[in-house]
Structures are given as structure tokens and as C-alpha cells.
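These are the residues of each chain, in order.
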Amino acid sequence: MSVVLSLSAVTAGYGPILALREVSLEVREGEVVALLGANGAGKTTTLRVIAGLLPPLAGSIAFEGRPLHPLPPEERVARGIVLVPEGRGIFPELTVEENLWLGAWRRRDLRAARADLEQVFHLFPILRERRRQLAGTLSGGEQQMLAIGRALMARPRLLLLDEPSLGLAPLVVRHIFEVLRAIHEAGTPLLIAEQNAHLALTLAHRAYILQNGEIRLQGEARVLRENPEVKALYLGR
Amino acid sequence: MARRIVWGALIAGILGVTAFTLPSYFLYILSLAGIWAIAAIGLDLLTGVAGQISIGHAGFMAIGAYTVALLSLRLEVPFWLALPAAGLLNALIGLALGLPALRLSGPYLAIATLGFGVAVVEILRRWEPVTGGFMGLKVPPPALGPWSLRSDAAQYLLIGTLLVLLAGIAIRLIRSPFGRAWIALRDREAAAQAAGISLAHYRTLAFAVSAFYAGVAGGLLAYRVGRVDPDGLTLTHSIFLVSALIVGGLASVPGAILGAVSLTVLFHLLSGLGTALGWRTEVGDVRNVLYGAALILTAMFLPGGLWRLPMHMRGRRWIPMPSRAPAGEEGWERPLVSVPQIRLGSTAGGRLEVVEVSKRFGGLQALDRVSFTVEPGEIVGLIGPNGAGKTTMLNLISRFYDPDAGAIRFEGHDLLRRRPHEIVRLGIARTFQNVEIFPALTVRENLLVGQHPQTRAGLIAVAAGWPSVRREEARLRERAEEVLEWLGLSALADRPAGSLAFGQRKWVELGRALVARPRLLLLDEPAAGLHPAERQALQALLRGIREALGCSILLIEHDMNLVMGLCDRIVVLNFGRVIAQGTPAEVAENPLVIEAYLGEREEEDAQPTALRSGEGRA
Amino acid sequence: MAKAWRMGGVSDRREDRGARMDLLIRYLAGGLSAGALYGLMALGLVLIYRASEVVNFGHGDLAMVSTFAAYTLLRAHAPLPLALGGAVLFGAALGALAERGLLRPARRRRATPLTLVVLTLGLALVLNGLAGLLWGHEIRTFPGLVSGPPLRLGPAVITREQLFNLAVGLLLALALYAFLRFTRTGLALRAVTQNPEVARLMGIPVDRILILAWGVGVGLGAIAGILAAPLIYLEPNAMLPLLIKGFAAAVLGGMTSLPGAVIGGWLLGILENLAAGYIATELKTPLAFALIVAVLVVRPAGLLGRPISHRV
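Residues numbered from 1 in each chain as written. Chains lettered and ligands numbered in written order. Predicted model: local features only at pLDDT ≥ 70, side-chain atom pairs only at ≥ 80, totals over all residues.

Any chance you could break down the packing of helix H7 (residues 152–175) of chain B against helix H10 (residues 199–225) of chain B for me, citing the residues and the numbers?
All names here are of chain B. Their axes nearest at 11 Å, the elements H7 and H10 cross at an angle of 175°. By the angle between their directions, the pair H7 and H10 is classed as roughly antiparallel. Counting all contacts with H7, which are made through Gln155, Ile159, Leu162 and Leu166, the residues of H10 involved are Tyr213, Val216, Leu220, Tyr223 and Arg224. (Axes fitted to C-alpha atoms, helices over the stretch in contact; angles between N-to-C directions. Helix = DSSP H or I, 4+ residues; strand = E, 2+ residues; numbered from the N terminus. Parallel < 35°, antiparallel > 145°, perpendicular 65-115°, else oblique. Contact = placed C-beta atoms within 7 Å.)

Shown next as C-alpha cells:
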């Protein structure tokens, strides 16, 4: 399988403070990769660097073979890298439908975009019901669905998700992860940062576990699920 | 004391010599410069030190000018009564203005003060019977008994003397608990309140003091020019004052003086040049272009103003900025100082009761009937996945907002009836997730702010520089020194806190909380961003704190090693509800807890062996 | 009218009632027309504030310079639409330049709110001075944009100018609404005002959108200035009252609400005219200030704005 995304020794931080230290990881075609670790481990920073919101201090990132570096976030979306940010990041004073259309903002093929909108409504019927409601009035779970639907509207070639299960009830989370599985099966590679290790490991093929900005553990999800080290990294030794 | 006499003599000497040697015109310009300097110092206290924008200060000056004019004309009040009266009247108006200003910030405050300044001009223009309308009033020169202070030299001396006095007072204020309170509120409002500083009290006070200065300046201007009229102190002048501050240097008395004097002198030089060149109206326009350009260039490239140019040249930033990382994802620095050994004197812990507390934010139920207690002297950990409501709990205890339901009591006191700045007086101190130290203050000053509730010095005492104030300050410093030593921060005491490494800043924040002699310490993710060596040090430090002070500790943490190793009891939140409480051992084995953190397993979960066997208390 | 009240008796004869009605309608018409201009100023201010979180204290002087540009073009015998269009575009370009050249670099340097206020004040000063140097301080008259006798609409009499101003104000407000609601760029602008970082994640070039917001905002101010110029004289300091009233309208309606700006403008215009007509003309400008201060004291969010809270 070819490599879709690769990070080589990426170091990044905020001011004098380093949040990522020499992190290297890969996402291959058709894969789901999980980025795990306790709160503050560096998961969000990693995704922000890939999305272009934070410039790396060292190291390089390549997407589909080409370096990402000088591109601002707006251009990375055009290349197909789409981030669903932590906390959903929906626009509260725009309607559900307007939010979804914003996902397709860069696209020129309106007819295809309209077809995609129908697809999204098919995946998340509740959004069709609420299409004219202001996004700020939706529940947490519905907002997460909206955020994912909006990302899909961009026809991503790599979908990044930052803590999709955050603050959501277990049933809703299950539904969302089923949708993510469907998205993956349709061919889109996923990179998911999650605090909920078990759930992520059931969906992912491979996973990396971060602690204090470094990768401590990596491997196949199947193997990591049984590994007691994982629990220790989360719950202490 | 000796220093003061030397300085006083030096300044008196300079004033005296210049008064009798410089030509009249120079004295006139310097007099005006002095007046604007006084007003600028006042504005600096409000905008630079206290962080409240005002572009209407000419309004206060105008009120001062007219007060002096009316008192002199109608009541023949001598200047040494009229000027203070003008100042005091303005202080009262400033106080009144400060109250509504509490709800406003940044640009809204700017608009409101703009409105105030322009409104004053309008009222002065239309209230003919009192103010003489657009014609204005003539002002008799100030008189000291039989001597009329009409000459340029006399006025120059008067203004110069007042400038020196008022500058001295301003400097003393800035270095006092008042100045520190203003700076703390400016830079980190929440942390300042948690340290016991009342937002309402200090913000309105800043307005009052600043208005006092402007009033005196306005009065002096009335005497110097010999008349008052509504077009003499308009929006243009308010903007001039702001320019003086920006160009000279914010939050600095010498900077304010430098800015006001240089801009005034510049303006008059320009006028002189213009007259020589045959310009008339163009002078004002050229002046505006130059002021505007100076404002823009200074704001962009020299934010500390001319006064801080030497610092800028050396590459140092004026206000050291802490970093802006998402909460928790800070990095780490070099291993920190050693674990303290010294004893600090005990306070004995207090009992905290949280009873059925609920809080909802919009669609999110952040806390749902949460109940737990912290017994005196206990260390309790509050844990739970991200978004579980932990920081909300702490913020409720700190009274930054109200719960929808429930009660919170500490040592029997109902906390819900208190305001944020009253909490520390009850014996509760806290730290914040984002390490809210005051970057512009030194490490020692940060700790002095922590002792704010223990300061007694009043405004007059501070302004006058009475010995009791110095004695109190010395006492506070001693105490701060103790804590600094205890924490191993003595070497860093005089560095601006914002220039410190991340781990060091955390220690400073702890120091600020400790110096308040808390009986309950609230810590929000104290270990976030620390690397392993520092975490060890932190664990030892927290234990040491409990031993030395005997206080109770409630901490939010994600670092399980730390929590398990340190806490007597643990409360676990998920989705705003308490899902488990108990000793670390009990909690670690609780399947609900495991599920909350790691997620539900499809198959039945066997004994979490890694937890039981692998866990150890440090 | 006011005199009748002061004399203690208000007559009840039909002719007098009719006259009172006429007067009232005249005040209302005048208020709506002036209010349309205040609303345009306010719209520009609110648009800029929502997009870039900056209160543009240079707005009045930007409008003034654009009006002078129109004046110059007209004096050079340019046809009316060209002169006006050119002047508005000139103003918009200045606004775009202010954002690109002044505010963007400031944001990159992590400017504080005070710094941003100071920058716009500096801009105001520079423009004011330059206008004085270029055009001098003589009081000029700006030619009226419409001519013709006043119109009779039922009992009311309104001048063509009032009708024109009202119509332009209304049309522009509607056009802005349509732009924001129905176009792709408008949607992008709305997204940027709500969450600029996430807007970038949508592929929206936020920097360019901000330039657009400033261009449109200042353009609206330029139009307001040009429409107001025939009613007041033209001189570098003549636009200050218009700016203050624009602020008053924006604050009244809520600095974060575009419809609020329009409504605030009309409300201010009507209140002002009623006060001037029934009490005293001198009250016009003080009323605006009084309103600003009162609103900020009682309800800083204005009529339609989002409540501001002290964030922790």
C-alpha cells in the first residue's frame, strides 16, 4: 500500500514550549490510523500541524508524495486534507445546510457537490430533518455529525478527526464510529486522535500512542488492544 | 530618606535655575508641556497600568479647567484650594464613570469614553449661564497671598513643582499594592480576583485617580492660558494624550512625561517653523499627519514607547508574553529546582463540602448533582476524561459563575454568597490550567500580589509615602522571600515572571497561592506540561506542602501516576456526574472508571492486572 | 409648534391637527432619511468590527477623504456616476489597504486591543491632516445629487433628496443582506466573522476575506459621506458628527448586529428629529452622545447584539 501521509521527525510547539518532539508517523492508502494518548500528550498538536494551523519547527510532512510545508490551511483543503477539529468547530449562527455547503466551499463542481449533500443526508438523516436550523441549537452528537458531514462535503483524500467522541453519549459515539467505518470502507484514509482508546482500536488498523509529545508505542491495533502497556500509559503504572 | 532629599534638592535646583535663565517663550512651552505631562501621567495610570482605554480624557481636563475658572471668578477661591477642588470633583466624576465602565472592555470602553469627552464639550458649549457658552470665561491668574503668580517664571515653577509631586505620587502608587493590583487585573483578571483583588473596587479607583490628575492639569491650563472655552479641550486633545502615552511608553511615569513633553515641544517647534515658512492653517495638518504617523509607527514597531527604546535595542521584549498552547499541551523544560526542605508554619486545613451541584452551559450539562467533600488536611484528586466538568467545578468554587443548583460550603461558610475576590480571604487559593502568572510583574511581585488581602495601606498613605507603608511592604517582602526560598526560586526573584520557563512559572503560581496561607488549595492540572523529573518534584512538593502547612488540597489531574501516588481519595467525574469515589486502590479497580477512560470493551473485561500489580505508591 | 406648547395651550381645531400631522410626518421623513445615512455608517462599522474585531475609529476620516475625492472628480467635470463610483471605489481601496497594510501586520505581531484602537486613531489623524494639506480648510459646498421640487405623498411633504437618501440606504442594506445570505463569498464572510480559524479549515482565504470586509465597510461609509455632504458643508472636520452618529447607531443596534445597525440608524434619526423639532434643535448632537453612553451603561450589547460577558 502506498503512503498517503508521512511525518518525519516533526517537532512543533508554541513559543518556547515544545508540544511535539521528533514525531514520525505514516498513514497508508485505505487505512485507519489511531493517534492515542492521555490528555496533553500532543494529539491535537499533531493534527493541527498536519492541517497547517501550526508550522513545524523541524522535520517534514509529505502528502501523496509531495511536501506540504509552505502551504497554508486553505490550500491543504484544496489538496484533500480535511480536519474535523476538536469540539466540532461548527458555525453556530449558520444553518445546518449552510455549514455543510461551507465544507464544499473550495469546490467548483456544484452538481457533484449537490449529490454529495444528498449522500451526507443519507448518512445522517437527522441533519436533513434539521437542515434549516441554526447549527448552534443542535445537540453535541448532532453537531459532531454535522462536522463530519461538512468534512465529507470537501471530498477529502485524507480525513483527520480530533477527538470525535468527546463529550458524547456512548450510543451516539457508536453511531458515529459506524459512519466512520463506512467512510473508510468507501476508500478514504482516516487519522483519528482519540482519548477513548478501545473504541479507536476497534476501528483502526494501526495506532500510535503519544506521551509528552513523543511516540511511545506503535503497531497494529489488534496487538495493542491486548497490550497492558496501553493501560499503563493511560492509567498509570 | 537621604536619597529623597538629594533628589528633591537636585530638582529644585534645576527648576530654579531654569526658571530664571530660560527665555519666557521657552518657559511658556515647558509650562504647557508640564501640564500635559501631568494629564498624561493620570491617563497612564488608567490606560497603561490599569489597562482601561480612554479617549475622552480631555473631558476631565475641561471639567477641571472650568471648575478652577468658576471658583476663581465667582468665589475668589485661591489656587491652592481651587486646584485640589478641581481634582476632587473630577475624581468623583471619574468614580461615577468607572462604575458603568466595569461592564465594558476594549473597544466598547473606547467608544464610551469618546462619547463622554465629546458630551462634556457639548454641555460646556450650551450651558451658557454657567459656562459662558462658546465665548468661555476669563481666568484670573493664581495668587499666593499678595503675590500674583502671573509671570512665566512663576507659573513654570508652580507647574514644575506640581509635576514633580504628582509624578512622585504616581510612582509610589505603581510600586504599591495598588499598582500591582491594577497590573494584575489588567493582565490576568481571573487570577487577580482569585488572589483577592476586587475588580469593581480597583477599576473605579483607577478612573478616579486618573480623573484627579486630569482635573488638576486642566485647572493649571486654565491659569496658564488665562481663559477657558469649550473648544480648548476636545477630542483632538484626548487623542493627543493617548499619543503621548504610546510614543513615550505605556505604564511608565517617565515614559508619560517623555511623550507629553516631546510631543508638546515638537508641536510648538512646528508652529514656529510654520510661521517662519509662512504657513498658517497647514501647521495643524502637518502636526496631525506627524502625530498619526508617530502613533502608527510606535504602535507597530516600538510597542514599549521611546522610554523603552534601550530595552528594545537589546532585543528584550517589553511585556514578556507567555505562550499560547491549547490547554494541557504545553511541553517541558529543563529539570527544575530541588525539592524544598524548610518548614513554613502551619495553617491547618479546612473542610470543603460540595452538595448536589449542577451547572449547565447552553446545551451541555457540565455538572450533574455532584457531591463530595474534602476533609481537613486531605489531598483529594478530581479526575475524569476530557470535558467531564472538572474545571467547571473549580470555577464554581472560585465563584466565577453560579451553579444552577446545589450548595458549596467551606468551613461552614456558604461560598455561594461570596464574590470571586472574597474567596481567598476565606482561606482558599488556587492555580489555573493555563498558569496565570502576571507576566509583567517580577516573581517576587507575583507573590506580593498573593498577599494582597493582607495589605492595609490606604491610598493617601501610599501617595504620601508614609513610613507605615514601607514597613508593611517590608513585612510582605519578608514573607514572600520565605516562600521563594522554600520553592527554590530566590535566584529568580527579580526576573519578570513572563520571561520564565514554563516549569518555573508553575512554581511561581504555586508560590503565589501558598503565600496567602491557604487552608484549601485548588490546583488545576498542576502537572500538565511538566516532564518526568519535574513531575517527581511536584509530587514531593505537594506532599511537602501538606506536611508543612497542613492545608487540604483538591487537585484536577490527568497524570495518573501522580494522582495515585499522592491522593488520599479520588473523585471520578464523567459527563458531569460522579461515577466513583474512594481510595486510589478502589478507584483503579472500578470497572466504571476503566470504561470511562479506556472505553467499553466488546468482550467481558478480565481483571485489569496491569493496574493492580504494576501500580505502586511512590 | 413648540411655541404652541410653551404657551400652554394646544389647539384642537382640525386645521391645526392637520398641521401637526404634517409636521410629524415631516420629522419622521427627515428622521428616516438621515437615519438611512447613519445606518450606512453603522453598517460599515459593524461589518468591519464583526470581521476583524476592530472598532474603526478612522471610519469618519476615510469617508471624508472619499467625499473629497468625489468633489474633486466633479470639479474636473467628470460625469456624475463616474465621479461617485470612482470615489466610492477609492474609499473601498483605502479600506482594503488599511486592513492589508496596517491591521494584518499588527495581528501578526499579536497586537493588543489598545494597539488596534491606536492604529485606527493614527489612521484618522493622518487622513485628516492629509486632507487639510490637499484640500485646505475652506468650507465648500457639495452639489446636491438630485434636484427638483419636493414631493407630496398624501399629507406629507418630503424633499427629493430625503427620498433619494432613504432609497439608497434601504437598497444598499438589502443588497448587503442579499450578498451575505445568497452568495458564496458572503457565506465565507459570515463564517469568518464567527470562527476565522475553522473558516481556514474550510479552505476560505481568511486574509482576503478581511480585505473584502474592510473594502465593503469603508465603501459603505464613503457612500454615506457623499450622501451627507450636500446637507452639511465639506471640510476635513465636517464628518465628525456623522461618525459619532454612526457609532451611536451601531452601539444602539448592537456592534455585533448588522440589522441592528440599520434599525439603530433609523431609530437615532427619528429620535433626533423629533427632539430637534419638538424641543430644541441644539439637542441633535448631544442626543447622540447621550444615547451612546446610556446604551453602553444599561445594555452594552445594544438592541439586537449578542450579550457580552466577562469571560473567565
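Outline the interface of chain C and chain B, listing residues and values.
Listed per partner, the contact involves 36 residues of chain C and 39 residues of chain B. Listed by contribution, the elements that provide at least two residues to the side of chain C that touches chain B are helix H4 (80–108), helix H5 (113–135), helix H10 (240–253) and helix H12 (284–298) of chain C. Per-element accounting of the side of chain C that touches chain B gives the leading share, 16 residues, to H5 of chain C.

Which residues make up the sheet that holds strand S7 (residues 379–383) of chain B, and what values do they have?
Residues and elements named next belong to chain B. One open sheet accounts for 6 strands, arranged S10-S11-S12-S7-S13-S14; its pairing is mixed. For this open sheet the edge positions go to strand S10 (428–430) and strand S14 (577–582), each flanked by a neighbour on one side alone. Direction aside, the axes of adjacent strands within the sheet are offset by 15° on average. As paired elements, S10 and strand S11 (residues 520–524) share 3 bridges and run parallel to each other. Within the sheet, the bridge partner assigned to alanine 429 lies in S11 and is leucine 521. (Pairing = 2+ DSSP bridges.)

Please set out the packing of helix H18 (residues 467–487) of chain B against helix H19 (residues 502–514) of chain B residue by residue, giving values where relevant.
Residues and elements named next belong to chain B. For the pair H18 and H19, interaxial distance at closest approach is 10 Å and the crossing angle is 140°. Comparing the axis directions of H18 and H19 gives the class oblique. When the axes of H18 and H19 are compared, the crossing they make is right-handed. Residue-level contacts link Val483, Leu484 and Leu487 of H18 to Trp507, Leu510, Gly511 and Leu514 of H19. When grouped by side-chain class, the residues that make up the contact of H18 with H19 number 6 nonpolar, 1 polar and no charged. (Left-handed = near helix turned anticlockwise from the far one by under 90°. Nonpolar A, V, L, I, M, F, W, Y, C, P; charged D, E, K, R; others polar.)

Lay out the pairing of strand S3 (residues 32–36) of chain A with the relevant residues and their values.
Residues and elements named next belong to chain A. Among the 5 residues in S3, 5 count as buried, and that is most of the element. Neither face of S3 is left uncovered, since the one carrying Val32, Ala34 and Leu36 and the one carrying Val33 and Leu35 both have all their residues buried. Where S3 and strand S8 (residues 190–194) come together, 5 bridges link them in parallel fashion. Bridge pairing links alanine 34 to isoleucine 192 in S8. Direction of pairing for S3 relative to strand S9 (residues 206–211): parallel, over a ladder of 4 bridges. Among the inter-strand pairings, valine 33 is bridged to a residue of S9, identified as arginine 206. (Buried ≥ 20, exposed ≤ 12 C-beta atoms within 10 Å, placed from the backbone.)

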